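Below, each chain spelled out in residue letters.
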Amino acid sequence: AESLDKTKTDLKTADTELRQIQKEAREAELKTRDIDTEIEKINTTLRQARDDRKKGKDEERLLQAVASLKRHFQGVQGRLVDLCRPTQKRFNLAVTVAAGKDMEAIVVDTKQTAKECITYLREQRVGTATFLPLDSLQTPN
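Right, let's walk through the structure included here. Along every chain, residues carry numbers that run from 1 in the direction the sequence is written. pLDDT decides what is reported in this predicted model: residues at 70 or higher carry local features, side-chain atom pairs at 80 or more are listed and counted, and totals for whole chains, interfaces and linings draw on all residues regardless. Side-chain descriptors were evaluated using all non-hydrogen atoms of the structure, hydrogens and water having been removed beforehand.

## Examining the overall build of the protein
Secondary structure summary: the protein contains 4 helices and 3 strands in total. Runs of H or I in DSSP of at least four residues are treated as helices and runs of E of at least two as strands, each being numbered from the N terminus. The order of α-helices and β-strands along the protein, N terminus first, is α-β-α-α-β-α-β. All radius of gyration figures rest on C-alpha atoms, and the globule criterion is 2.2 Å times the number of residues raised to 0.38. Relative to its length of 141 residues, the protein is extended, with a C-alpha radius of gyration of 33 Å against a globular reference of 14 Å. Expressed along its principal axes, the backbone C-alpha trace of the protein runs to roughly 110 × 40 × 25 Å. Throughout, exposure labels follow a simple rule: accessible area from a 1.4 Å probe, protein chains only, divided by the maximum for the residue type, with under 20% read as buried, over 50% as exposed, and the rest as partly exposed. Put simply, the protein has 141 residues, and 18% of those count as buried. Whether two residues are in contact is decided by their heavy atoms, any of which lying within 4.5 Å being enough. When contacts within the protein are restricted to residue pairs at least 6 apart in sequence, long-range pairs at least 24 apart make up 62% of them. For every accessible area listed, the method is Shrake-Rupley and the probe measures 1.4 Å; residues are considered covered only by the protein chains on display. When the accessible surface of the protein is summed, it comes to about 11,700 Å², and 53% of that surface belongs to carbon and sulfur atoms. For the purpose of counting charges, residues Lys and Arg are taken to be positive, whereas Asp and Glu are taken to be negative. His and the chain ends are not included. To locate a charge, take NZ of a lysine, CZ of an arginine, CG of an aspartate or CD of a glutamate. The centroid of the 27 positive side-chain charges in the protein is displaced by 6 Å from the centroid of its 24 negative side-chain charges.

## Re the nonpolar core
Among the nonpolar cores identified, the biggest contains 12 residues, and these are Ala65, Val66, Leu69, Phe73, Val76, Ile106, Val108, Ala114, Cys117, Tyr120, Leu121 and Phe131. Among the elements of the structure, helix H1 (2-72), strand S2 (106-108) and helix H4 (111-124) are those that each provide at least two residues to this core. No other element matches H4, which puts 4 residues into this core. Each nonpolar core is a collection of buried residues, namely Ala, Val, Leu, Ile, Met, Phe, Trp, Tyr and Cys, held together in the definition by side-chain atoms within 4.5 Å. Membership of the second largest hydrophobic core comes to 8 residues, among which are Leu80, Ala99, Val107 and Leu132.

## Things to note about the pattern of salt bridges
Counted as salt bridges are all cases of a side-chain nitrogen of Lys or Arg within 4 Å of a carboxyl oxygen of Asp or Glu. By the definition in use, this model includes 6 salt bridges. For Arg19, the salt bridge is made with Asp15, and the minimal N-O distance between the two is 3.0 Å. Of the two residues, Arg19 and Asp15 are both situated in helix H1; the distance of 4 residues between them amounts to about one turn of the helix. A relative accessible area of 53% means that Arg19 is categorised as exposed. On the accessibility criterion, Asp15 (31% relative accessible area) is partly exposed. Between Glu29 and Arg33 there is a salt bridge, with the nearest N and O atoms lying 2.7 Å from each other.

## Some details on the sheet that holds strand S1 (residues 76-79)
Strand pairing is assigned whenever DSSP detects at least two bridges linking the two strands. Read across the sheet, 3 strands follow the order S1-S2-S3 without closing on themselves; strand pairing throughout is mixed. A strand with exactly one partner marks an edge of an open sheet, and here the two such strands are S1 and strand S3 (131-133). For this sheet, the mean angle separating the axes of adjacent strands, direction not counted, is 20 degrees. Pairing of S1 with S2 involves 3 bridges; the strand directions are antiparallel. Along S2, the bridge assignment pairs Arg79 with Ile106. The axes used here are C-alpha line fits, helices contributing only the stretch in contact, and every angle between their N-to-C directions lies in the interval 0 to 180 degrees. Each of S1, S2 and S3 is contacted by H1, which is oriented at about 170 degrees to S1, the strand it contacts most.

## Structural notes on H4
Expected span, for any helix, means 1.5 Å times one less than how many residues it has. The end-to-end C-alpha distance of H4 is 20 Å, a good match for the 20 Å that 14 residues give at a rise of 1.5 Å each. Listing the buried residues of H4 in full gives Thr113, Ala114, Cys117, Tyr120 and Leu121. In a view along the axis of H4, the buried residues occupy a sector of 125 degrees, so they form one face of it. Counted as exposed and oriented over 90 degrees from the buried face of H4: Lys115, Arg122 and Glu123. In this structure, the buried side of H4 is in contact with H1, S1, S2 and S3. Just downstream of H4, Arg125 is the residue with a positive phi angle, here 55 degrees. Throughout, the arc means the angular range of directions from the helix axis out to the C-beta atoms.

By themselves, these are just geometric observations and shouldn't be taken as functional.
What follows is the structure, given as structure tokens:
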């Protein structure tokens, strides 16, 4: 009888310990999920920061290339985005939509200047750029 009581007591103790361990395991699992969520948020932030840095470097490289082109070729006017700044901010969107993909293009005086600039960019391994030669632009009808 004494052995049976001791076994029942041990069983209750073991059962209590088991419930406590299961509770702790559930709490640990919830903490793990929370930590995984935080890690994912941090990774997303890091990816965005890397993308922003890369875009910043590309932008800087393009600005340096334009500055270099201006020094070497007198017909280079600059990037359309820099040349075409509306006096009132409310027109920014309209100008950007109207220019579309050409907003980053480099404005030059002639086709010949554009060809020389393309050759220069190739030789310097700077990358590619779109050129808008003023002598060959046509207005839409």
